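Examination of the molecular architecture
This is what each chain is made of:
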Amino acid sequence: AQKITQTQPGMFVQEKEAVTLDCTYDTSDPSYGLFWYKQPSSGEMIFLIYQGSYDQQNATEGRYSLNFQKARKSANLVISASQLGDSAMYFCAMREGLGGGTASKLTFGTGTRLQVTL
Amino acid sequence: DAGVTQSPTHLIKTRGQQVTLRCSPKSGHDTVSWYQQALGQGPQFIFQYYEEEERQRGNFPDRFSGHQFPNYSSELNVNALLLGDSALYLCASSSGPYGEQFFGPGTRLTVL
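The sections below set out a description of the structure shown in this document. Quick caveat, the model's predicted, so the values are computed rather than measured. (Residues numbered from 1 in each chain as written. Chains lettered and ligands numbered in written order. Predicted model: local features only at pLDDT ≥ 70, side-chain atom pairs only at ≥ 80, totals over all residues. Heavy atoms only, no water.)

What to know about the overall build of chain B
Within chain B, the secondary structure is distributed over zero helices and 11 strands. What you see for chain B is a C-alpha radius of gyration of 13 Å, in line with the 13 Å of a compact globule of 112 residues. Seen along its three principal axes, the alpha-carbon backbone of chain B occupies a region of about 40 × 25 × 25 Å. Considering only intrachain contacts with a sequence separation of at least 6, the fraction spanning at least 24 residues in chain B is 53%. As displayed, chain B has an accessible area near 5,200 Å², and 49% of this comes from carbon and sulfur atoms. Taken as two groups, the 8 positive and 10 negative side-chain charges of chain B have centres that lie 12 Å from each other. (Helix = DSSP H or I, 4+ residues; strand = E, 2+ residues; numbered from the N terminus. Rg over C-alpha atoms; globule rule 2.2 N^0.38 Å. Contact = heavy atoms within 4.5 Å. Areas by Shrake-Rupley, 256 points an atom, 1.4 Å probe, with all protein chains shown as cover. Lys, Arg positive; Asp, Glu negative; His and termini not counted. Charge placed at Lys NZ, Arg CZ, Asp CG, Glu CD.)

Notes on the sheet that holds strand 7 (residues 64-68) of chain B
Residues and elements named next belong to chain B. Spatially, the four strands line up as an open sheet ordered 1-3-8-7, and their pairing is antiparallel. The open sheet has two edge strands with one neighbour each: strand 1 (5-7) and strand 7. Within this sheet the neighbouring strands show an average axis-to-axis angle of 20°, counted without direction. (Pairing = 2+ DSSP bridges. Axes fitted to C-alpha atoms, helices over the stretch in contact; angles between N-to-C directions.)

Remarks on the state of the cysteines
This structure, assessed with the given rule, holds two disulfides over all chains. Through a disulfide, A:Cys23 is tied to A:Cys92; the S-S separation comes to 2.0 Å. Looking along the S-S bond of the A:Cys23-A:Cys92 disulfide, the torsion reads about -60°, which is the left-handed sense. With A:Cys23 in the loop between strand 3 (19-21) and strand 4 (24-25) and A:Cys92 in strand 10 (residues 88-96), this pair connects stretches of sequence that are 69 residues apart. The class of A:Cys23 is buried, set by a relative accessible area of 0%. Taking the relative accessible area as the measure of exposure, A:Cys92 reaches 0% and is therefore buried. For B:Cys23, the disulfide goes to B:Cys91, at an S-S distance of 1.8 Å. (Disulfide = S-S within 2.5 Å. Buried < 20%, exposed > 50% of the residue type's maximum accessible area, 1.4 Å probe, protein only.)

Considering the environment of B:Gln56
Residue and element names in this part refer to chain B. With respect to the helices, strands and loops of the structure, Gln56 is situated in strand 6 (residues 53-57). Judged by relative accessible area, Gln56 falls into the buried class, the value being 7%. A sequence separation of 23 residues divides Gln56 from Ser33, and the C-alpha atoms of the two residues are 9.1 Å apart.

Quick word on unusual backbone geometry
Residue and element names in this part refer to chain B. In this structure, Pro8 follows Ser7 across a cis peptide bond, with omega equal to -10°. If you trace the backbone, Pro8 turns up in the loop between strand 1 and strand 2 (10-13). Located in the positive-phi region is Tyr72, a residue other than glycine, with phi close to 80°. Secondary-structure assignment places Tyr72 in the loop between strand 7 and strand 8 (74-78).

Side note on the pairing of strand 6 of chain B
Residues and elements named next belong to chain B. Across four bridges, the pairing between strand 5 (residues 44-50) and strand 6 is antiparallel. Bridged to Phe47 within strand 6 is Arg57. In this antiparallel pair of consecutive strands, strand 5 and strand 6, the connection spans two residues, and Glu51 shows a positive phi of 55°.

Some thoughts on the pairing of strand 5 (residues 32-39) of chain A
Residue and element names in this part refer to chain A. Of all eight residues making up strand 5, eight are buried, and the element is well covered by its neighbours. Side chains Tyr32, Leu34, Trp36 and Lys38 project from strand 5 onto one buried face, and the interleaved Gly33, Phe35, Tyr37 and Gln39 project onto a second face that is buried too. Connecting strand 5 to the next strand, strand 6 (residues 46-52), in antiparallel fashion are six residues, including Gly43 with a positive phi near 105°.

Shown next, in the form of structure tokens:
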């Protein structure tokens, strides 16, 4: 079963507007971490934001925030005040467990391509 | 402070050949993970090396093997290349197996 689901293959947003990229996940482990990465055309995966399953508040990093809804198993990325440089692929990823066993690998979704327009 | 580096940047091989990809971790990191990213897909975990040993492996055949050196750098070897091995191969380093993973720019492998 797919553990990370990103249902939006592509999204368009106008410059300076906010955009939400969807991510749902599936795990039976009560301890997990959720990540968002940006991948420009150069290929490098750039870490954006992290949310732990026990974190009480939604994570924020500058213009990025993570809308974490644990009961719905969703971890949507919100980018505020979009910039042309935000155009890239965005991947949601999960790491199960906080230590030991299979805790260290990241499981990625299929990504969402974001295009920021003028 | 150098980040994660990978070499070569691009590589073209033919079916049946063998290939070696290299990764140098970020300064201070001792753990290297390898991922395969096929076109249009998210990265898939291949394996992770820590203390010069493979500590975790994804669902990849034995044709994929690796090594970690005492200086923490790592190699990914793929034998008997198939057309389906064409992908971007990403290396990520971390401080310990559970640390935040920092990715390199990747090696794009094309198998003809």
